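Structure assessment
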Amino acid sequence: MENSGPAIGVESPCQACGACCSYSQNWPRFTTEDDAALDLIPEKFVNDRLSGMRCDGDRCSALSGKVGVATSCTIYAVRPEVCRTCMPGDAECAMARRRHGLPSDVVPALSRDPATKANY
């Protein structure tokens, strides 16, 4: 179930960033997903240990676009739980943005309201 179109709403600050998806070859890793959820992720995006997403260097292989300019997740609808809980403007976001030379305070911290989280 691959998605080739835009991954998230146009108003999302994540689409002009992508730093969190280019932070470490050990992230995103699977944690709370059940087998049914993991089976939805295309095999070509899962690492050989089946412990997380396959990365090209420090970049998740499901990320498309240029970090800090325009990005999207090609598997947004079936992304791992760790990706679903990552929030624009939180401490992890700021750390990833700094690593890529992006201002850490550009993206406002958003509410952890489940309705808001569904948009990112």
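Check the entry above for the structure.
These remarks concern the structure in this document. In this text the structure is predicted, and so the values were computed from the model without any measurement.

Okay, the overall build of the protein next. When its secondary structure is counted, the protein shows 4 helices and 4 strands. Seen in sequence order, the protein has helices and strands lined up from the N terminus as α-β-β-β-β-α-α-α. A buried classification covers 41% of the 120 residues belonging to the protein. Once local pairs closer than 6 in sequence are excluded, the contacts in the protein between residues at least 24 apart make up 58%.

A few words on the packing of aromatic side chains. Tallying each qualifying case throughout the model produces 0 aromatic pairs. Positioned above the aromatic ring of tyrosine 76 is the side chain of arginine 79, whose terminal nitrogen or guanidinium carbon lies 3.7 Å from the ring centre. The ring of tyrosine 23 is capped by arginine 99, whose NZ or CZ atom sits 4.9 Å from the centre of that ring.

The next subject is the environment of asparagine 26. Inspection of the secondary structure puts asparagine 26 in the segment before α1 (35-39). For asparagine 26, a relative accessible area of 48% puts it in the partly exposed group. Linking asparagine 26 and serine 51, residues 25 residues apart in sequence, is a C-alpha distance of 9.1 Å.

The next thing to look at is unusual backbone geometry. Residues tryptophan 27 and proline 28 are joined by a peptide bond in cis, for which omega reads 5 degrees. Within the secondary structure, proline 28 is located in the segment before α1.

Calculation rules
- Residues numbered from 1 in each chain as written.
- Predicted model: local features only at pLDDT ≥ 70, side-chain atom pairs only at ≥ 80, totals over all residues.
- Heavy atoms only, no water.
- Helix = DSSP H or I, 4+ residues; strand = E, 2+ residues; numbered from the N terminus.
- Buried < 20%, exposed > 50% of the residue type's maximum accessible area, 1.4 Å probe, protein only.
- Contact = heavy atoms within 4.5 Å.
- Phe/Tyr/Trp six-rings, centres within 6.5 Å; stacked < 30°, edge-to-face > 60°.
- Lys NZ or Arg CZ within 6 Å of the ring centre and 35° of its normal.

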